[in-house]
Structures are given as structure tokens and as C-alpha cells.
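One-letter residues, chain by chain:
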Amino acid sequence: MPNTTRNGRSSIQLTPMEVPKASDVLANELRERILSGDYVEGTPLPPERELVVQTKMSRTTVREALRILEVQGLVRIKAGRAGGAFVQRPGEQSMADTVALLIRGRQIRLAALLETREAIEPFCAQLAARHRTDEDLARLDAANEDIAGAGDKLDDFLQANIDWHVAVASASHNELLSGLMISLSRAIYAATENEGFIDDKVREITVKAHRSVTRAIREKDAEAAVRRMSRHVHSYAESIKDFEDRTDIPLDE
């Protein structure tokens, strides 16, 4: 007989199979419905006990599935009598959080972060000059005022700096670029939080550069916005490199 051994047993060999967890199956089903638009943003999902009845899964499985979706930014969990799980669509902050985890988890070099910013931020400025709104300009102006008024307070200067770069990306009205720039800006300025580097000269140059780029965006001069932003981020990267070279302490051989 085919596929049998001499003692009559089957000779067919099966490979080990990975069976997905029930919570993953439920999370995948709910995720697809959210992303496809079946569940619009703000829609409350059925209560836990109702999901248990509908899916015939345990309450623990249902809770784990909802927790997966919450971590992915697809639902928000509200406590209390009027609480529950409410659908939300992923936004730029979801992307920013994911990129931030990658940067920290892989310990991405500062040089790589600066290279990435040089590659994409001038294009953000170009798009901002084309698509900016009055609200976008107000955010840029506010960040510029905060930078100029930070004085010798390093934390205030760095936060205002982040706000300005994120405002440029937001003015591009490209959510992918905005999410990426949020993470890049935070990571870069966390790595350069150094009193020795952020001196009066760096502050003065930064204020002038930001106002120059903002002016190009306000005037909808896309070419000038690209050129000025390219010069700004490249000069900043070179300044960091020079500072690190000056402060590097060689080991005795």
C-alpha cells in the first residue's frame, strides 16, 4: 500500500504547525474592520461581555486583543461607567512613536539621524511653502519667538527648536513626513543636549536661520525654502561634528 510502512502505519510526515493565539486572531479581525472603514473613528466597540458572547472567546482573550489594538493606536480605552473601547485611526503620533522605538532599540547613530534629516527636511520646507496655512504660520512664528526668548535656558531652547522643526513638517501637510520629523527632531536634540555645544553663537545662528526659512515659507517661495533649509540643517550637522571632534579625548597608546 502506498504511504505505509511494513507494519501498516502511515509514512506521511507533517511539519510542526504554528497556530495563532486566539487574541491575535480577534485583534486581526478588528484591525481589518477599523482600517477598512467598517468601524469609523469614535465608534464604541461592543462591551467586553458582548464580545465574549459574539466571538465565544474568553474574557481574557478579548481583553488581550483590545490591549493589542490599544498599543497599536487603533482604539482608546476609557474607564468608568461611560467607558469602553473606542475606535481611533492611526495618526502621525503613532508613526512617531514607532520610529522612536526603532531609533532607541537599534541605537541609531546620531550621524545617521542627521543624514536622514538632511535628506528629507528640505523637502518638508518645500512642501510647507506650497501648502502652508495661516495656522501653520502662526505655529512657526510662535516657535521662533520662543527660541529667541529662551535666553540661556537650554531646555526651553531645545523644546522651541523641536516645535519649529515639527511645525515645518506639519505645514507640509504630509502625515508621513510629519511623523518621521517628530521622532528625528526629538532624537537629535536629546543627543545634542549639551551646554558646551548650544552656546550663544549656535543660538544666534539658529534664530536667524529659522526666521529666514519661515520667511520663504510665508512668501510661498519653495526654492528659497529648500535652499535655506538645506543650508541650515547641513551647517548644524557640521557644527555637531566639529564639536565632537574638538571634545574627543584620545586614549593613550
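Please read these numbers as outputs of a predicted model, since none were measured by experiment. (Residues numbered from 1 in each chain as written. Predicted model: local features only at pLDDT ≥ 70, side-chain atom pairs only at ≥ 80, totals over all residues. Heavy atoms only, no water.)

**A few points about the domain arrangement of the chain**
Turning to step 1, where the next piece is worked out: By the assigned domains, the chain splits into domain 1 (22–87) and domain 2 (92–246).
Turning to step 2, where the next piece is worked out: Here domain 1 and domain 2 have C-alpha centroids that lie 37 Å from each other. (Domains from an automatic or database assignment.)

**Quick notes on a negative patch on the surface**
Turning to step 1, where the next piece is worked out: Judged by side-chain charge, Glu145, Asp146, Asp155, Asp156, Asp163 and Glu193 come together as a negatively charged surface patch.
Turning to step 2, where the next piece is worked out: Mapped onto the negative patch, the elements with two or more residues apiece are helix H6 (134–148) and helix H7 (154–171).
Turning to step 3, where the next piece is worked out: Per-element accounting of the negative patch gives the leading share, three residues, to H7.
Turning to step 4, where the next piece is worked out: Along the chain, Glu193 turns up in the loop between helix H8 (175–191) and helix H9 (200–218). (Patch = residues over 30% accessible without salt bridge, like charges linked within 9 Å, V, L, I, M, F, W, Y side chains within 5 Å. Areas by Shrake-Rupley, 256 points an atom, 1.4 Å probe, with all protein chains shown as cover. Salt bridge = Lys/Arg side-chain N within 4 Å of Asp/Glu carboxyl O. Lys, Arg positive; Asp, Glu negative; His and termini not counted. Charge placed at Lys NZ, Arg CZ, Asp CG, Glu CD. Helix = DSSP H or I, 4+ residues; strand = E, 2+ residues; numbered from the N terminus.)

**Here we look at the pairing of strand S2 (residues 84–87)**
Turning to step 1, where the next piece is worked out: Here strand S1 (residues 75–78) pairs with S2 via four bridges, running antiparallel. Looking at the pairing, Arg76 lines up with Phe86 of S2. (Pairing = 2+ DSSP bridges.)

**What about the pattern of salt bridges?**
If charged atoms from side chains of opposite charge come close, those side chains can pair.
Turning to step 1, where the next piece is worked out: Per the stated rule, a full pass over the model turns up seven salt bridges.
Turning to step 2, where the next piece is worked out: Salt-bridge contacts for Lys21 lead to Glu64; the nearest nitrogen and oxygen are separated by 2.7 Å. Of the two residues, Lys21 is situated in the segment before helix H1 (22–35) and Glu64 in helix H3 (residues 59–71); the sequence distance between them amounts to 43 residues.
Turning to step 3, where the next piece is worked out: Classification of Lys21 by relative accessible area gives partly exposed; the value is 46%. (Buried < 20%, exposed > 50% of the residue type's maximum accessible area, 1.4 Å probe, protein only.)

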